[in-house]
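Chain residues, written in single-letter form:
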Amino acid sequence: MKPQSAFEREPARRVFASELRETRYQFKEGEDEKSPTYVLLPSGIRSNRIFIVGTLTEKQRQGDQNIFYRGRVVDPTGTFFIMAGSYQPEAMQQLARIEQPAFVAVVGKPNLYTTQDGNCLVSVRVESIAVVDRDTRDLWVLDTARETLDRLDAFGTTDDSRKAQEEYGTQPDVYRKIVYDALTQVQL
Amino acid sequence: MNLSEVTERISRKLEAKGAQPDRQKIESRLRRLAEEFGVNIDEAERTVTADLAREYNLTGVGNTSTELRPINEIVPGEWVTIEGKIVALTPPISPSIAQTGIIADSSGAMRFVTWARANAPAMEYGHWYRIESAVVDEYKGAPNLKIHSGTTISRMEKDAPLLPSITPIAELKPGVGSVRAKVIQDWEVSHDRMLQTGLLGDETGTIKFVIWKEGGAGSSGTGPAAPEEPLGKDKLDLDAVYNIFYATVDEYNGRLSLALNTAMYITDEGDIEVGRNETEIRGALVHVAPGSGLIKRCPVEGCNRTLSRQNYCPVHEIQPEFRYDLRLKAVLDDGIRARNVLMQRETVEELAGITLEEAVGIAETNPLGMDEIFYRIRNTVLGRYYTCTGSEFGGRLLVNSCTPITFEPEELAALLNRAGGEPA
């Protein structure tokens, strides 16, 4: 058990859009109101924060009194839905300034929503966003590929991955294929 | 030696054990032994001390403190008697201190302080002394010998050669230490009184060193300056190897540094393969913390604290004559662990492609002021991949160097293989 004073920041997991899209299970560690909320990624790890790099293709300002911005960030496997509201004024203003299309790096918290017709949606609440270059995007694809493969290699050996097996019936080979396809889109 | 001094010494010894002796009674007993029975003072002191200790039912008075102890075995809280050589004298930092310096024997060395009120004879550099009934306490995390009015100092006619034992840098503790090390970095001095600062290294690790400027002749204590005592220190040469004897090991924020003003150093032949106890971390820079960018620092000597926007220093209040500085407090995250990193001016200048002068120029003409620099730096580094090396302490990596990670085609090939689809 770690002492309370040794606060450790939650790491930002690397995850491809097509994996995040499959995420359905959200849980809280501990009873405390301030305890962190995690989503369980199908490749078998909990995540309270993610780091993504992709192309911002669309953004919209929404709301009247509570203004917020929605955006779509595309990676080689699919689309992330991001949002930044007035509770994250810095992030919101940063997003407001960016002209799409642009390569962006986003640090944020994944959240699960259920839509009116009963579908589950994962959206990323932005903590920080910045315009980056193509090299950074390519580095992120490599980084995310490596970390996803690391998780798949450890699949079945950790508590989180056994839980993922239970919740999602994850087939590691499906995700290996996703990783492979993502990598083939990186230009040499 | 007069009787009141001895009286004082005896009562202090007893008081240290919790008794409240009557000074008059002590003195009359001493006088009786000395004057009526012709007992010499030392013996009278011993007898009275032992008698009173019995009367107050105390143990360990007198006898423990006359037993000679090697310096390296002494721990704070003890009354001790030692024999040692004065290997350094340093200027007292307060008028209530008569002398400070370092005393060494063949087992080790320790800092000492002679209180002005002790009326003790001044000790001379390079001579041996027997010091009886001194107290050892802890000062700044290191044992420190206190010479008070109850301490007896006698000069010894001894000149045994002393060969200090060398401590590996990784095993240094606050106090006094001798090292054999190579000068691996020579830093810009951050302070008027500093002669030189930089990094020393040996096979086991590295440590920061400082040489302070000295006030010239007469700066080292009240005694006449011994001929072999250097006045003012020489700088160390970069990449040279030195034997450094009796440096002061200070601790600040959990980090050790060596002050060489008490030390004697001589160049040594040969080279040292410096062991880097550096940590390297790779990852994405996912957060730039407030307090990054252009900051103002307190100009008061030795303070260097960050000022608020209103130029307020938590210790020295309003400081309009501040110094500007650049720094970056950020989080580097490899997906498994998020780690705090702290980068100093040189690193930030290189990383953000902006010099301190340019940053000051922009801040002073831009409506956003210092915030403009924060945003510029943040937008340049946020979301990028870096390799940072540095030393870790207090849960933070102090970055010595930071380089952007570049795309390696071989890595893509290796990952494609690992993902194991049909060959591309």
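Rules and cut-offs
Residues numbered from 1 in each chain as written. Chains lettered and ligands numbered in written order. Predicted model: local features only at pLDDT ≥ 70, side-chain atom pairs only at ≥ 80, totals over all residues. Helix = DSSP H or I, 4+ residues; strand = E, 2+ residues; numbered from the N terminus. Contact = placed C-beta atoms within 7 Å. Buried ≥ 20, exposed ≤ 12 C-beta atoms within 10 Å, placed from the backbone. Nonpolar A, V, L, I, M, F, W, Y, C, P; charged D, E, K, R; others polar. Pairing = 2+ DSSP bridges. Axes fitted to C-alpha atoms, helices over the stretch in contact; angles between N-to-C directions. Core = buried A, V, L, I, M, F, W, Y, C linked by C-beta atoms within 7 Å. Parallel < 35°, antiparallel > 145°, perpendicular 65-115°, else oblique. Left-handed = near helix turned anticlockwise from the far one by under 90°. pLDDT = per-residue confidence, 0-100. Expected span 1.5 Å × (residues − 1).

Draft legend 1. Inspection of the overall build of chain B at higher detail. If you tally the helices and strands in chain B, you get eight helices and 20 strands. Here the analysis covers contacts within chain B between residues at least 6 apart in sequence; of these, 58% occur between residues at least 24 apart.

Draft legend 2. Representation of the overall build of chain A. Along the backbone of chain A there are five helices and nine strands. Ordering the α and β elements of chain A from the N terminus gives β-α-β-β-β-β-β-β-α-β-β-α-α-α. Looking at chain A as a whole, 45% of its 188 residues qualify as buried. Put simply, 62% of the contacts in chain A that link residues at least 6 apart link residues at least 24 apart.

Draft legend 3. Layout of the interface of chain B and chain A. Listed by partner, the interface residues are 26 residues for chain B and 30 residues for chain A. Elements with a contribution of two residues or more to the side of chain B that touches chain A: β13 (279-288), β17 (323-333) and α8 (409-419) of chain B. The residue inventory of the side of chain B that touches chain A, partitioned by class, reads 15 nonpolar, six polar and five charged.

Draft legend 4. Summary view of unusual backbone geometry. For the peptide bond that leads from Q100 of chain A to P101 of chain A, omega is -5°, which places it in the cis range. Here P101 of chain A shows up in the loop between α2 (89-97) and β8 (102-114). Its identity as a non-glycine residue notwithstanding, K140 of chain B has a phi of 50°, on the positive side. Tracing the sequence through the fold places K140 of chain B in the loop between β4 (128-139) and β5 (142-147). The class of K140 of chain B is partly exposed, set by 13 C-beta atoms lying within 10 Å. We note that Y246 of chain B has phi near 60°; this positive angle belongs to a residue other than glycine. Residue Y246 of chain B is classed as buried on the basis of its 23 C-beta neighbours within 10 Å.

Draft legend 5. Just the sheet that holds strand β4 (residues 45-47) of chain A, in detail. All names here are of chain A. The strand order β2-β3-β4 describes an open sheet built from three strands, whose pairing is antiparallel. The sheet is open, and its two edges are formed by β2 (26-28) and β4, each paired on a single side. On average, each strand axis in the sheet is tilted by 40° relative to the strand beside it, whichever way the strands run. Where β2 and strand β3 (residues 37-41) come together, three bridges link them in antiparallel fashion. Residue pairing in the sheet places K28 in a bridge with T37 of β3. Strands in contact with helix α4 (residues 159-168) are β3 and β4; relative to β3, the strand with the most contacts, it is inclined by about 70°.

Draft legend 6. Geometry of the environment of G383 of chain B. Following the sequence through the fold, G383 of chain B ends up in the loop between α7 (370-381) and β19 (385-393). Remark: the alpha-carbon pair of G383 of chain B and D333 of chain B, spanning 50 residues in sequence, is separated by 10.0 Å. Beyond its immediate chain neighbours, meaning those up to four positions away, G383 of chain B contacts V53, A105, A130, V132 and T136 of chain A together with A284 and L285 of chain B.

Draft legend 7. Spatial organisation of the nonpolar core. Core analysis: the biggest nonpolar cluster contains 82 residues, and V104, V106, V126, A145, V179 and L183 of chain A together with L285 of chain B have the highest contact counts within it. Looking at which element gives the most residues to this core, the answer is helix α3 (residues 134-153) of chain A, with seven residues. The next biggest cluster of nonpolar side chains, apart from the first, holds 44 residues, and it includes V87, I147, I244 and Y246 of chain B.

Draft legend 8. Here's a closer look at the packing of helix α5 (residues 345-352) of chain B against α7 of chain B. Residues and elements named next belong to chain B. Across the interface, α5 lies against α7 with an axial gap of 10 Å and an inter-helix angle of 65°. Judged on the interaxial angle alone, α7 and α5 are roughly perpendicular. Of the two elements, α5 crosses α7, and the hand of that crossing is left-handed. Contacts between α5 and α7 involve V348, L351 and A352 from the first element and R376, I377, T380 and V381 from the second. In terms of residue class, the contact of α5 with α7 is built from five nonpolar, one polar and one charged.

Draft legend 9. Fine view of the pairing of strand β9 (residues 205-212) of chain B. All names here are of chain B. For β9, the tally of buried residues reaches six of eight residues, placing the bulk of the element in the interior. When strand β8 (residues 194-202) meets β9, the two strands line up antiparallel, connected through eight bridges. Note that in β9 the partner of G198 across the bridge is F209. Count of turn residues in the β8/β9 antiparallel hairpin: two residues. Two strands pair when backbone bridges link them, and β9 and strand β11 (residues 255-259) are joined in this way by three bridges, in the parallel orientation. When the bridges of β11 are listed, V210 appears paired with A259.

Draft legend 10. Structural context of the confidence of the model for chain B. Residues of chain B with pLDDT of at least 70 account for 92%, and the chain-wide mean is 85. Two numbers describe this predicted complex: its pTM, 0.61, and its ipTM, 0.92.

Draft legend 11. Spatial organisation of helix α1 (residues 3-16) of chain B. Residue and element names in this part refer to chain B. End to end, α1 covers 20 Å across 14 residues, agreeing with the expected 20 Å (1.5 Å per residue, within 8%). For α1, the full list of buried residues reads V6, T7, R9, I10, S11, K13 and L14. Of the surrounding secondary structure, the elements contacted by the buried residues of α1 are α2 (23-36), α3 (41-55) and β4.

Draft legend 12. Broad picture of the environment of E157 of chain B. Residues and elements named next belong to chain B. Tracing the chain through its elements places E157 in the loop between β6 (152-156) and β7 (175-187). Judged by the 6 C-beta atoms lying within 10 Å of it, E157 falls in the exposed class. Sequence-wise, E157 and H127 are 30 residues apart; in three dimensions their C-alpha atoms are separated by 8.4 Å.

Draft legend 13. Representation of the confidence of the model for chain A within the structure. Of the residues in chain A, 96% reach a pLDDT of 70 or more, and the chain-wide mean stands at 90. Confidence over residues 1-5 of chain A falls short of pLDDT 50; this stretch has zero contacts with residues more than four positions distant or in other chains.

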